[in-house]
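Remarks on the overall topology
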Amino acid sequence: MHPSKAPGPDGFSPFFFQKYWDLVGHEVSNAVISMLTLSEIPSDLNYTYVALIPKIKEVVNMSHLRPIALCNVIYKIASKVIANRLKSFLPDIISPQQSAFVPNRLITDNTLVASELAHYMHKLRRGQEGFLALKLDISKAYDRLEWGFLQRIMIKMGFAEQWVALIMSCLSTVRFSFLINGTPRGYVTPQRGLRQGDPLSPYLFLLCAEGLSALISHVVSNGQWQGLRVCDGAPSISHLLFADDSMLYFYATIQDCLMIRNVLNIYEKASGQQVNLQKSNVVFSGSVLPHLRVSMAQVLRVQVVDKHDKYLGIPTLVWQNLIQELHQLCAQFWWGSTDEKKAMHWRAWDELCKPKSLGGMGFRHLFAFNLAMLAKQGWRLIQNPNSLIGQLLKALYFPQSNFWEASLGSQPSYAWRSILQGRDILRTGIKRHIGNGLSTNIWLDPWLLDEDLTAYSLDRVTLMADLFESPGVWNSVLLTELFPIHIVQKILAIPLSPRNHEDRWIWGGDKKGQFTVKSAYHVARNRILTDHSTTPNPSASLWRRLWNSPVPGSVKVCAWKAASNVLPTRSRLSERGIDLDTQCPLCDEEVETPIHAVRDCPHAISLLQGANLPLVSSPTTVTDWLSFVSLSTPQFFASTLMILWATWRNRNAKV
């Protein structure tokens, strides 16, 4: 738990228990174990404060406030144990249309599916089948949930009686007091609802939302509801869920609209949930005539919109690439621009995004980061080909091939274009880990890095297993016939396991072979930016010592600016076209170059001498001077950096 989270009624934050676990840990553990084994939560431990957080600036009524539960830490420990136990079962009991809080599923899964469906509906023209997408907004989803409905759902799913009793004890023993101006007021015993702030609540809500998914699936299986199928071989998609955010897809007919209303009414009565019709809306495909749109919207009692601008906070139809604008905003902030004045940008943003070891500031390059995130989508597609988005994209863009051979296709969506951009980054670090060799193509799959084997391809051998003499043993004779000796040596150096496990994908940038956005970002950044990491960098040792020096961050940045020749001295400003007197404002004797301002000015010399630092006048640039000084002791170098910063600060004060 985060140590400084707001305490519950007992007044203890998680930090107390973490700090003094050696004193209280044994008793806390016994209390939690007792609650879990007896399926009883003491009401005193479940006593909860509720903080009302404003959702808007001008709060007028209670709907403008979000209730956050401040539970006691001991209860939250028990709740977290229960949640962790429940999480492991969710992938098996929660339908694939739900992507919230389920292990190995991401919010982006459903977002990509929704994007592809929106792209398909947008392309449909008159004369083709008509579809609609209904976006539902559930009002106060946590607060309205009926406990009896949750209990029956768990029983229907087959949870043990003791487990159900434990969950119901977590809910039924709750008592609330509301924090008004920091003081607890009132005393409420609820009869329904889940707490925002309880670790268990999101997972319990998933079980309830599964009730809606089961209702829809039942109607679909009876043939009353036809989902949206974008092409042959693609899964039929009737609904997408992310907790309480829902998208429903069906044929654009009055009959289907009436049937949807009936399904929603049943779910509302059973669960206590309520659809907010004012915030719900519907999008029709281009093939639906205008007068039919009006009629169906009246049946559904929702507004018609041209497109769903966002689903789960992300655009579904067209994703605008705002990276360049974001980079500009970041650069303006870094160089000190405001609405009233514009500051001079002394270095390109791409240069600032280089690693600190290469003279940059190590700022995140958003385009490279976006490519790394897209590469993650590609990784998920090859790791989970049977996922909903995996099946959909395969049917659309590579029905007869695999992800690596997939082309852009005709009329591709923006999402697919983007994923293919990330695929290039993925290629650089991914490879096949050889097991039984039955699912790896010798000539097409990347299993031997830095080698192109297509020139040696033969029809008589295709799979890696063909290169084995026996399980776990290379056929060295066959390898010698197929490849040059240097490739044979590389192959024989690959260890094989005699166990009959399947081949799998691994990511070379991680010790465990798992894909990480961090390592993919480095690959993407090095590809986008001019990377000098393979060539000697004479200033590399300076940058390393500078950023590791025990001085404040502002001192390091000042020294970096001086060494990078971006300190705004008068000579540098003149070079940028600023018409001004270039004489040093402190000594008025020489031109104010960077090296003069921080070392050679009499004022700088007096500070260096006053600190008993020897004068070094031979290097002619700040970079060379600091590189020379950095070879001395860390204390000597740190003192020099402090004097450099103080000199520049005094100069600015004089100006």
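The coordinates are above.
In this report, the structure presented in the accompanying data block is examined. Please read all numbers here as calculations on a predicted model, not as lab measurements. (Residues numbered from 1 in each chain as written. Predicted model: local features only at pLDDT ≥ 70, side-chain atom pairs only at ≥ 80, totals over all residues. Heavy atoms only, no water.)

**Let's talk about the pattern of salt bridges**
- One pass over the full model with this rule turns up 10 salt bridges.
- In this structure, R175 and D44 form a salt bridge, with 3.1 Å as the shortest nitrogen-oxygen distance. With a gap of 131 residues between them, R175 in strand β4 (residues 175-180) and D44 in the loop between α2 (21-38) and β1 (47-54) connect regions that are remote in the sequence.
- Classification of R175 by relative accessible area gives buried; the value is 18%.
- Among the residues examined, D44 registers a relative accessible area of 59% and is labelled exposed.
- For E592, the salt bridge identified is with R651, shortest N-O distance 2.6 Å. Taken together, the positions of E592 in the loop between α22 (570-575) and α23 (594-600) and R651 in helix α26 (residues 634-654) put the pair 59 residues apart, joining distant regions of the chain. Residue E592 shares its accessibility class with R651, and that shared class is buried. (Salt bridge = Lys/Arg side-chain N within 4 Å of Asp/Glu carboxyl O. Helix = DSSP H or I, 4+ residues; strand = E, 2+ residues; numbered from the N terminus. Buried < 20%, exposed > 50% of the residue type's maximum accessible area, 1.4 Å probe, protein only.)

**Side note on the nonpolar core**
- Core analysis: the biggest nonpolar cluster contains 72 residues, and L132, L134, M154, L207, L248, F250 and I260 have the highest contact counts within it.
- Looking at this core element by element, the count peaks at 10 residues for helix α9 (residues 201-221).
- Core analysis: the second largest hydrophobic core is formed by 48 residues, I237, A372, F403 and Y521 among them. (Core = buried A, V, L, I, M, F, W, Y, C linked by side-chain atoms within 4.5 Å.)

**What about the packing of aromatic side chains?**
- For the structure on display, the rule yields 28 aromatic pairs.
- Judged by centre distance (6.1 Å) and plane angle (15°), the ring pair of F159 and W163 falls under stacked.
- By relative accessible area, which is 19% here, F159 ends up buried.
- With a centroid separation of 5.9 Å and 80° between ring planes, the pair formed by Y456 and F483 is classed as edge-to-face. Placement of Y456 in the loop between β12 (430-433) and β13 (468-470) and of F483 in the loop between α17 (476-482) and α18 (485-492) is noted, with a sequence separation of 27 residues between them.
- Residue Y456 is classed as partly exposed on the basis of its relative accessible area of 28%.
- You can call F483 buried: its relative accessible area is 5%.
- Through a chain of ring-to-ring contacts, three or more aromatic side chains come together here, namely Y397, F398, F403, W404, W416 and W505.
- For R423, the ring lying beneath its charged end belongs to F403, and the centroid distance is 5.8 Å.
- One residue, R432, lies across the ring of W505, its end atom 4.6 Å from the ring centre. (Phe/Tyr/Trp six-rings, centres within 6.5 Å; stacked < 30°, edge-to-face > 60°. Lys NZ or Arg CZ within 6 Å of the ring centre and 35° of its normal.)

**So, the sheet that holds strand β5 (residues 183-188)**
- If you walk across this open sheet you meet the 4 strands as β2-β1-β4-β5, and the pairing is mixed. The sheet is open, and its two edges are formed by β2 (65-70) and β5, each paired on a single side. Within this sheet the neighbouring strands show an average axis-to-axis angle of 35°, counted without direction.
- Note that β1 and β4 share 5 bridges and pair parallel. For T48, the partnering residue across the bridge sits in β4 and is F176. (Pairing = 2+ DSSP bridges. Axes fitted to C-alpha atoms, helices over the stretch in contact; angles between N-to-C directions.)

**Overview of the pairing of β1**
- In this sheet, β2 lies alongside β1 in antiparallel orientation, the contact comprising 6 bridges. Across the sheet, the residue bridging to I53 is R66, located in β2.

**What to know about the environment of L194**
- Its location among the elements puts L194 in the loop between β5 and α9.
- Sequence spacing of L194 and V523 is 329 residues, and the spatial spacing of their C-alpha atoms is 44 Å.

**Some details on a nonpolar patch on the surface**
- Together, L322, L326 and L329 give the surface a local cluster of nonpolar side chains, amounting to about 270 Å² of exposed area.
- Counting through the fold element by element, L329 comes out in helix α12 (residues 323-335). (Patch = residues over 30% accessible without salt bridge, like charges linked within 9 Å, V, L, I, M, F, W, Y side chains within 5 Å. Areas by Shrake-Rupley, 256 points an atom, 1.4 Å probe, with all protein chains shown as cover.)

**Observations regarding unusual backbone geometry**
- Notably, Q411 is not glycine yet its phi reads approximately 50°, a positive angle.
- On the secondary structure map, Q411 appears in the loop between α15 (388-397) and α16 (414-429).
- Judged by its relative accessible area of 55%, Q411 is exposed.
- One non-glycine residue, D588, lies in positive phi territory at about 55°.
- Locating D588 in the fold gives a position in the loop between α22 and α23.
- A relative accessible area of 55% means that D588 is categorised as exposed.

**A short note on the sheet that holds strand β6 (residues 239-242)**
- The 5 strands are arranged β6-β7-β3-β8-β9 in an open sheet whose pairing can be described as mixed. Only two strands of the sheet have a single partner each, and these edge strands are β6 and β9 (303-304).
- As judged from the 2 bridges shared by strand β8 (residues 281-284) and β9, these two strands associate in the parallel manner. Residue N281 lies in a different strand from β9, and its bridge partner there is Q303.
- Contacts from helix α5 (residues 107-123) reach β3 (131-137), β6, β7 (245-251) and β8, with the element oriented near 145° to β6.
- Contacts between helix α10 (residues 254-271) and the sheet are confined to β3 and β7, with β7 contributing the most and set at about 150° to the helix. (Contact = heavy atoms within 4.5 Å.)

**Topic: the side chain of E116**
- Tracing the chain through its elements places E116 in helix α5.
- When neighbours within four sequence positions are excluded, E116 is seen to be in contact with L392, L393, L396, Y397, S413, A415 and W416.

**Examining the pairing of β5**
- As paired elements, β4 and β5 share 4 bridges and run antiparallel to each other. In the sheet register, F178 faces β5, and the bridge partner there is R185.

**Things to note about the packing of helix α14 (residues 366-383) against helix α19 (residues 517-528)**
- It is at 8 Å that the axes of α14 and α19 come closest, and there the two elements cross at 130°. Relative to α19, the element α14 lies oblique. Regarding α14 and α19, the two cross each other, and that crossing is right-handed. From α14, F367, A368, F369, L371, A372, M373 and K376 reach across to α19, where they touch V517, A520, Y521, A524, R525 and I528.
- Among the residues forming the contact of α14 with α19, the class breakdown is 11 nonpolar, no polar and 2 charged. (Parallel < 35°, antiparallel > 145°, perpendicular 65-115°, else oblique. Left-handed = near helix turned anticlockwise from the far one by under 90°. Nonpolar A, V, L, I, M, F, W, Y, C, P; charged D, E, K, R; others polar.)

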